[in-house]
Amino acid sequence: MNLAALLADLGDVPVITDPAIVRKRSRDFFWYSPILNAQLADKSADLIAAPRTEAEVIRVAGACARHRVPLTVRAGGTGNYGQAVPLEGGVLLDITGLSAIEWMRPGALRVQAGAMLNAVDAAMQPHGWELRMHPSTRRTATVGGFVAGGSGGIGSVTYGGLREPGNIHAARIVTVEPEPRVIELRADAAQKINRAYGTTGIITALEMPLAPAWEWIELVIAFDTFLDAARFGLDAALSDGIVKKLLSPVDAAITPYFGALKSACPPGRAALIAMVAEPSLESFKTLLAGRGTITHEAPADEHGGRVPLYEYTWNHTTLQVLKTDRSVTYLQCLYPHDRLLESVARMNAMFPDEVLPHLEFIRFAGRVTCSALPVVRYTTPERLDEIIALHEAAGVHIANPHVYTLEDGSRYKRVDADQLGLKHEVDPYGLLNPGKMRSYVPAAA
Ligand code: FAD
């Protein structure tokens, strides 16, 4: 790898070569997994390039192609499976310099890929709009990182995940070739960059749909048992007239780790964390009557500085536990929609005190079901594999968060054929985040 020649070719694109900074930024949140932690802890890029414009992105991409240097895009660095960790060194392309909103109109916006999610929402909300969904890392992650590395989150109870048709309108990408091209992928074609870990092009801009920005009321509700919380969550999720953004049942074994929120979580009782649109609150409370006790109710106040309740949900639930107990890890499950509560009850009974339940209600292909991110008391890799196998045997899909390739992390154990096809078109030398799409064999040398 001729880095001196590459550096000369980068011209005045800002570059960081300090090994301590480069090593630090070559990491993400893979340490949630003891298995990935052992595999990825020593990986590092050789330098960081921080383009400020799409023209500079093109310059970095062209230079990497000409000098055959690997290029891994990094945004907020909040991925959980080493998505942004460069396995083969080379350039870490920090995309956060591209953060402008290009335009907005009612129901849609076009934004540069490195824009922070909370900045986008803060800019849209005065116009009465916000992104349809965001990960629980809204305060630290970017739009492009969410689309390239994430799946869904707060808002998915109404709109489903990013994979649902209509949840990404378009993407603009830069290819990694000696003379890079800029390609616009629209509608279905934009799915080729969704959760591809930046292996199918450098995303420079995204067109995303927007949803009405309601006044969201955050609630914590205590229930006698976890299944009571799940049963109510399902009823609320199925109530299409009640406008909500979040329904997250959490087991009583997890809430003692909830720091500032502990006072709203009575010991021994399960909690359901919810975000409900203010005009729907009365109907929500009517549905709840006699089933659970509201222990916290306040308007969301993220931009005013209070920690948002969604930072106790999705993969933040695991983080809250990890803050005091670094021995735990987690799983990512998808429950069958047609026997949801039976499956939840069955899996909970299978691993008492070992797999601590936490559900997220979502829509998936038009049906209401649950994604689950249970906290796992980790013992050995073999036991973790056994727990995964027992879930799958019971019809609960696992997207394994303890592997770093797209194939192994997918529910189907293979990469999407369209993504593999685009990879051949845009990355002929296999330089984009090498090692993450293992089905891909570069055609060119
Ligand atoms: P990064 O981590 O920097 O990058 C993610 C991937 O996208 C990498 O492969 C990177 O190479 C690629 N990439 C980034 N930008 C571009 C670009 N412009 N072009 C091409 N490729 C690019 N995920 C969810 O889906 N839902 C959640 O609710 C959720 N909660 C989380 C909670 C915690 C506490 C943590 C640590 C993670 C969570 N995640 C969640 C995972 C992660 O936060 C999301 O995937 C997030 O959106 C990643 O954004 P980022 O800007 O940090 O991207």
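As annotated in an unreviewed UniProt entry, the protein chain is FAD dependent oxidoreductase from Acidisphaera rubrifaciens HS-AP3.

Explain the nonpolar core to me, please; I cannot follow it from the model alone.
One broad trend across soluble globular proteins is that nonpolar side chains are buried collectively. Judged by nonpolar contacts, the single largest core of 42 residues is most densely connected at Leu247, Phe284, Tyr335 and Phe361. If you tally residues by element for this core, the top one is helix 8 (residues 226–238), at seven residues. Discounting chain neighbours no more than four positions away, the residues touching phenylalanine 361 are Val157, Ala230, Gly233, Leu234, Ala237, Leu247, Pro249, Leu340, Val368, Thr369 and Cys370. Counting 40 residues, the second-largest nonpolar core is a separate cluster that includes Tyr312, Leu334, Leu356 and Ile362.

In this structure, what is going on with helix 9 (residues 281–288)? I would like to understand it.
In an α-helix, one turn spans 3.6 residues, which is why side chains three or four residues apart end up on the same side. Looking only at helix 9, the buried set comprises Leu281, Phe284 and Leu288. Down the axis of helix 9, the buried set is contained in an arc of 60°. They therefore lie on one face. Turned more than 90 degrees away from the buried face of helix 9 sit Glu282 and Thr286, all of them exposed. Positive phi appears at glycine 290, one or two residues downstream of helix 9, with a value of about 80°.

Hey, could you run me through the pairing of strand 18 (residues 359–364) in this one?
Regular strands place their side chains on alternate faces of the sheet. Of all six residues in strand 18, five are buried, a share of seventy percent or more. Sheet analysis places strand 18 next to strand 19 (residues 367–372), joined by six bridges and oriented antiparallel. Across the sheet, the residue bridging to leucine 359 is alanine 372, located in strand 19. The loop that links strand 18 with its antiparallel partner strand 19 comprises two residues; one of these, alanine 365, has a positive phi angle of about 50°.

What exactly am I supposed to notice about the layout of surface pockets here?
Over the atoms, a rolling probe the size of a water molecule traces out where space has been left empty. The calculated volume of the second largest pocket comes to roughly 220 Å³. Lining the second largest pocket are 18 residues; nearest its centre among them are Thr158, Tyr159, Trp216, Val243 and Lys244. Residue assignment for the lining of the second largest pocket shows that the elements contributing at least two residues are strand 7 (129–131), helix 7 (156–159), strand 10 (202–212) and strand 12 (244–250). Looking at the lining of the second largest pocket, the element that brings in the most residues is helix 7, giving three residues.

Before we go on, may I ask you to explain the packing of helix 8 against helix 9 in this structure?
Helices that pack against each other are described as a pair by the angle of their axes relative to one another and the distance between those axes. Close contact between helix 8 and helix 9 brings their axes to 10 Å; oriented N to C, the two are set at 140°. Between helix 8 and helix 9, the crossing angle belongs to the class labelled oblique. As helix 8 runs across helix 9, the sense of the crossing is right-handed. Where helix 8 approaches helix 9, its residues Phe232, Asp235 and Ala236 are matched on the opposing element by Phe284, Leu287 and Leu288. When its residues are assigned to classes, the contact of helix 8 with helix 9 shows five nonpolar, no polar and one charged.

What is the right way to read empty space enclosed by the protein from this model?
One pass over the structure, following the stated rule, counts three cavities of 30 Å³ or more. Roughly 90 Å³ of volume is contained in the largest cavity. If you trace the largest cavity, you find 13 residues lining it, with Tyr335, Asn348, Val355, Pro357 and Pro374 closest to the centre. Looking at the lining of the largest cavity, the element that brings in the most residues is helix 11 (residues 340–350), giving three residues. When grouped by side-chain class, the residues that make up the lining of the largest cavity number ten nonpolar, three polar and no charged. Taken as a whole, the second largest cavity encloses approximately 40 Å³ of empty space. Lining the second largest cavity, in full, are Leu131, Arg132, Met133, Leu162, Asn167, Met208 and Pro209.

Just checking my understanding: could you explain the sheet that holds strand 11 (residues 216–223) for this structure?
Backbone-to-backbone hydrogen bonds join strands into a sheet, with any given pair of strands oriented parallel or antiparallel. Across the sheet, four strands lie side by side as 12-13-11-14; this open sheet has antiparallel pairing. The sheet terminates laterally at strand 12 and strand 14 (293–299), the two strands that pair on one side only. Taking each pair of neighbouring strands and ignoring which way they run, the sheet shows an average axis angle of 10°. Note that strand 12 and strand 13 (residues 270–277) share six bridges and pair antiparallel.

Just to check I follow, could you spell out the environment of alanine 236 for this structure?
Along the chain, the position of alanine 236 falls in helix 8. Placed 61 residues apart in sequence, alanine 236 and glutamate 297 show a C-alpha to C-alpha distance of 17 Å. Setting aside its immediate chain neighbours within four residues, alanine 236 contacts Lys244, Leu247, Phe284 and Leu287.

What should I look at first to understand the domain arrangement of the protein chain in this one?
Bring the parts together and some accessible area is lost; that lost area is often taken as the interface size. Segmenting the protein chain into domains produces domain 1 (98–212) and domain 2 (216–398). For domain 1 and domain 2, the distance between their C-alpha centroids amounts to 26 Å. Taken together, the contact pairs 20 residues of domain 1 with 25 residues of domain 2. Together domain 1 and domain 2 conceal approximately 1700 Å² of surface at their shared face, both sides included; 49% is due to carbon and sulfur atoms. It is Ser136, Arg139 and Val157 that lose the most area in domain 1 upon contact with domain 2, and together they represent 40% of the buried surface on that side. Put simply, domain 1 and domain 2 have two salt bridges between them. For the salt bridge of arginine 139 with glutamate 311, the shortest nitrogen-to-oxygen distance reads 2.7 Å.

About the criteria used
Residues numbered from 1 in each chain as written. Predicted model: local features only at pLDDT ≥ 70, side-chain atom pairs only at ≥ 80, totals over all residues. Heavy atoms only, no water. Core = buried A, V, L, I, M, F, W, Y, C linked by side-chain atoms within 4.5 Å. Buried < 20%, exposed > 50% of the residue type's maximum accessible area, 1.4 Å probe, protein only. Helix = DSSP H or I, 4+ residues; strand = E, 2+ residues; numbered from the N terminus. Contact = heavy atoms within 4.5 Å. Arc of directions from axis to C-beta. Pairing = 2+ DSSP bridges. 1 Å grid on protein atoms, 1.4 Å probe; cavity = no way out; pocket = protein on both sides within 12 Å on 5 of 7 lines; lining within 4 Å. Points joined across faces, edges and corners; volume = space filled by probe spheres on them. Axes fitted to C-alpha atoms, helices over the stretch in contact; angles between N-to-C directions. Parallel < 35°, antiparallel > 145°, perpendicular 65-115°, else oblique. Left-handed = near helix turned anticlockwise from the far one by under 90°. Nonpolar A, V, L, I, M, F, W, Y, C, P; charged D, E, K, R; others polar. Domains from an automatic or database assignment. Buried area = accessible area lost by both parts, 1.4 Å probe. Salt bridge = Lys/Arg side-chain N within 4 Å of Asp/Glu carboxyl O.

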